[in-house]
Amino acid sequence: LEYTADDDSSGDEETRLLYHKTYVGAAVELHALDPKLLSEPMVVEIAKAAIVDFGMVRLTDVEWYSSHEGEVAEEDLRVDLARVEELVGPGVIPPLKTRQEIDASGGMT
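A. Structural detail: the overall build of the chain. Across its full length, the chain holds five helices and two strands. N-terminal to C-terminal, the α/β element order of the chain is β-β-α-α-α-α-α. A buried classification covers 26% of the 109 residues belonging to the chain. Accessible surface, the chain as shown: approximately 7200 Å² in total, 56% of it carbon and sulfur.

Right under this line is the structure:
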């Protein structure tokens, strides 16, 4: 989601506020706006860290993960991880295991 507003104090420049549901989405958008500021390898590292972090949350906060909020957060992350794959190509980031895979493995990420 993007919001652009004129900033009277900055002359002709525009102030842009970008809202994202995940920090992976924010990284993809920042890369698109300025690849020199956030390179593709940095976006990949952020995506990999998000996968690890989400895996830990699955294990440590089962109540949240099982809630509607957890389901929505997982879907948001999946959408943004797909954007990373569009940017760098398939197979560069590990897949985020599905809920079914987590259940089948006894809760291990």
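There is more to say, and it comes next.
B. Looking closely at the side chain of D80. Looking at the element boundaries, D80 is found in helix 4 (residues 68–88). Setting aside anything within four residues of it in sequence, one finds D80 in contact with T22, V24, G25 and V28.

C. Spotlight on the nonpolar core. Residues V24, L77, L81 and V84 are the most contacted members of the largest nonpolar core, which totals 17 residues. Secondary structure elements with two or more residues in this core: helix 1 (23–33), helix 2 (40–60) and helix 4. Per-element tally for this core: the top contributor is helix 2, with six residues. Those residues in contact with L77 that sit more than four places away from it in its chain are T22, V24, A50, F54 and L96.

Cut-off values and rules
Residues numbered from 1 in each chain as written. Predicted model: local features only at pLDDT ≥ 70, side-chain atom pairs only at ≥ 80, totals over all residues. Heavy atoms only, no water. Helix = DSSP H or I, 4+ residues; strand = E, 2+ residues; numbered from the N terminus. Buried < 20%, exposed > 50% of the residue type's maximum accessible area, 1.4 Å probe, protein only. Areas by Shrake-Rupley, 256 points an atom, 1.4 Å probe, with all protein chains shown as cover. Contact = heavy atoms within 4.5 Å. Core = buried A, V, L, I, M, F, W, Y, C linked by side-chain atoms within 4.5 Å.

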